[in-house]
Amino acid sequence: MRPMSLIVVTLNKVFAWFMILFGSLVIMNGHNTPGGGFQGGAVVATFVCFMLVAYGGKKFFTWVHTPIYSGLETFGLLAFFVFACLGFPNSFTYNFLAVPAITSTGGLIMGEVWGGWLPSCGTISLMNIAVGFEVVGALSLAVIEMYEGTHIDDAHFGGECGHDR
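Residues numbered from 1 in each chain as written. Predicted model: local features only at pLDDT ≥ 70, side-chain atom pairs only at ≥ 80, totals over all residues. Heavy atoms only, no water.

### A word on helix H2 (residues 37–55)
Move 1: For H2, built from 19 residues, the straight-helix expectation of 27 Å at 1.5 Å per residue is met to within 8% by its first-to-last C-alpha distance of 28 Å.
Move 2: Within H2 the residues assigned to the buried category are Gly37, Gly40, Gly41, Val44, Ala45, Phe47, Val48, Met51, Leu52, Ala54 and Tyr55.
Move 3: Where H2 is buried, its residues touch helix H1 (6–28), helix H3 (57–63), helix H4 (66–85) and helix H5 (123–149).
Move 4: Downstream of H2 by one or two residues, glycine 56 has phi in the positive range, about 85°. (Helix = DSSP H or I, 4+ residues; strand = E, 2+ residues; numbered from the N terminus. Expected span 1.5 Å × (residues − 1). Buried < 20%, exposed > 50% of the residue type's maximum accessible area, 1.4 Å probe, protein only. Contact = heavy atoms within 4.5 Å.)

What follows is the structure, given as structure tokens:
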């Protein structure tokens, strides 16, 4: 796959990085807004697709190393499992970080945890982040494997093939 035109490469340089920022925002605010780890991870993984299409396979694989994405996937799965197990002996995925706070009217709400830097949802936000890592790794690997699967006969054709044959 050859790199695309100058227009596509330039637009990729400008807009593709926003996908990482927006996907991270969706992951971090998944406990309050629609979205979460899976949706934000899918947005971040689309960045890999943009880079592959804009720059072509040869340049893409000089930047990208698949063990990084495999490590992200493994880290996300293990982190989710650890956060889920930390709720024992109460239950699996018990929200052990949320601390109830008493309002001025005497009602209970979930307050801020650990000095206010972790929201009251406690483990939910940490699990969203873990799922985000897992989805970024898994979907990126899926895209990379699909690309490599379409280029099985590269040695036969003497280089990259695909839409530029």
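### Some points on the confidence of the model for the protein
Do not read the fine detail of predicted coordinates wherever pLDDT is low.
Move 1: For the protein, the average pLDDT comes to 79, and 75% of its residues sit at 70 or higher.
Move 2: Of all helices and strands in the protein, the one with the weakest mean pLDDT is helix H6 (residues 154–157) (46), whereas H4 scores best (93). (pLDDT = per-residue confidence, 0-100.)

### Description of the environment of isoleucine 129
Move 1: Considering the arrangement of structural elements, one finds isoleucine 129 in helix H5.
Move 2: You can call isoleucine 129 partly exposed: its relative accessible area is 25%.
Move 3: For the pair formed by isoleucine 129 and glycine 36, sequence separation is 93 residues and the distance between their alpha carbons is 8.1 Å.
Move 4: Excluding its chain neighbours within four sequence positions, the residues that come into contact with isoleucine 129 are Ile27 and Met28.

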